[in-house]
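As a plain string of letters, each chain reads:
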Amino acid sequence: MNTVCLSKTACSAIYPGEDTCNFAASNGVGVPFPVPFGRCVCDDGSGRFWPTAPGKCARVVIKFAAGIGEYEVQQCSRGCDDATCAPLALWPPNISQSHYNDVLFQCKLAGEDSVQLLDNCDDVTSQLTPSSFCGHTGFTATSSIYDALGDLPVDCELAPRCPASVLETTRLEQSCCFGTPWSMKLDSLGQELDQSASGFCQMVMQADLNESNSSVTSSFDCLVKTSAPGWSGCACLDSSGFLQAGRTCTVKCEQPDCNLPEDGIRPVPTGWLSSEVDPSLLVDHGKLVSSAANHRHLWPLL
């Protein structure tokens, strides 16, 4: 039987608890559980990666490779030994398409999940940053879904420490977005400049629908998540509410919910550095004290 071959970036995408495979960054469908060909991809047991199958793994195999060549997604125990794997979704080869681009397969319902076979997994993953597959807000990806060395969707590490402009003992959301005028920018030599450091998270544009007249207006806002199990810090979000690439920093990481490395939180990257805030300006759990000699506008840190 002649059929087109799938690309090197083919995968299965499992949508936990969803009844659709229609993923778009703005349509409310949750982050999928990606399973590239040739990998055994697992949940860590917490359900953070595959909420409907905690601790389970998945793989994509070709059945009857010398014959009809069916594609099957299987649910397995850790390690994906053949004896532990059971069918989750099955597709016959698509013989209705003769070209080699965008081979399409039907979305399948499997228990509580929807399962998709994709000729090009980048159609989904390119809408997200790799860190969106880490399963924890405070961690950032060090691999893609294709070259991960472990059995989780991607390899991840704890985000580095936040710069001094993020006041750890205040309302983090406010501090992540607007910083503080008491922490100054540094030049390439580490010398303090006469300019307050910018907020760690930048403004993003959001589209708002006015239901009364169906008009769409745009506005700028700072979107940030500041807490996750065992973790606090600044995780900057895009306009769809997903993590921005390279814009997560850590204030606190506590076991067991946050896996703290043996050598602790990594130091602040050079490009994020700002001057330390004078401790005399911080009282009452980090609230800023105004100075009569300094009339710069303060964002109230309550």
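Please read all numbers here as calculations on a predicted model, not as lab measurements.

(A) Structural detail: the packing of aromatic side chains. This structure, assessed with the given rule, holds 6 aromatic pairs. Measuring from centroid to centroid gives 6.4 Å for phenylalanine 23 and phenylalanine 242, while their planes differ by 50 degrees, and the two rings are tilted. Placement of the pair is phenylalanine 23 in the loop between strand 1 (11-15) and strand 2 (33-36) and phenylalanine 242 in the loop between strand 16 (231-237) and strand 17 (243-253), with a sequence separation of 219 residues. Of the residues examined, phenylalanine 23 reaches a relative accessible area of 7% and is grouped as buried. A relative accessible area of 13% places phenylalanine 242 in the buried class. With a centroid separation of 5.0 Å and an interplanar angle of 25 degrees, the aromatic rings of phenylalanine 33 and tryptophan 50 are classed as stacked.

(B) Broad picture of the sheet that holds strand 2. Reading across the sheet, the 4 strands line up as 2-1-8-7 and stay open at both edges, with antiparallel pairing between neighbours. Two strands lie at the open edges of the sheet, namely strand 2 and strand 7 (108-110), each paired on one side alone. Across the sheet, the mean angle separating the axes of adjacent strands is 25 degrees when strand polarity is ignored. Across 3 bridges, strand 7 lies against strand 8 (residues 113-118) in antiparallel orientation. Looking at strand 8, one finds that leucine 109 is bridged to serine 114.

(C) Quick look at unusual backbone geometry. Residues glutamine 255 and proline 256 are joined by a peptide bond in cis, for which omega reads 5 degrees. Position of proline 256 among the secondary structure elements: in the loop between strand 17 and strand 18 (282-283). Here the phi dihedral of cysteine 80 falls at roughly 55 degrees; this positive angle occurs in a residue that is not glycine. With a relative accessible area of 6%, cysteine 80 lands in the buried category.

(D) Molecular detail of the sheet that holds strand 3 (residues 41-42). Reading across the sheet, the 4 strands line up as 3-4-5-6 and stay open at both edges, with antiparallel pairing between neighbours. Each edge of the sheet is formed by a strand with only one pairing partner; in this case those strands are strand 3 and strand 6 (86-91). Relative to strand 6, strand 5 (residues 70-76) runs antiparallel, the two sharing 5 bridges. Among the inter-strand pairings, glutamine 75 is bridged to a residue of strand 6, identified as alanine 86.

What counts and how
- The residue numbers shown here count from 1 along each chain, following its written sequence.
- Under the rules for a predicted model, residues below a pLDDT of 70 receive no local features and side-chain atom pairs below 80 are neither given nor counted, while totals for whole chains, interfaces and linings still include all residues.
- Excluding hydrogens and water, the side-chain figures rest on all heavy atoms present in the structure.
- Only the six-membered ring of Trp is used, alongside the rings of Phe and Tyr, when aromatic pairs are assigned; centres must lie within 6.5 Å, and planes under 30 degrees apart are stacked while those over 60 apart are edge-to-face, with the rest tilted.
- Strands here are runs of E lasting at least two residues and helices are runs of H or I lasting at least four, both read from the DSSP assignment and numbered beginning at the N terminus.
- Each residue is assigned to one of three classes by its accessible area relative to the maximum for its type, calculated with a 1.4 Å probe on protein chains only: buried under 20%, partly exposed between the two thresholds, exposed over 50%.
- Any two strands between which DSSP finds at least two bridges are classified as paired.
- Lines are fitted to the C-alpha atoms to define the axes, a helix being fitted only along its stretch in contact, and any angle between axes, read from their N-to-C directions, falls within 0 to 180 degrees.

Any functional reading would require information that these geometric values do not contain.
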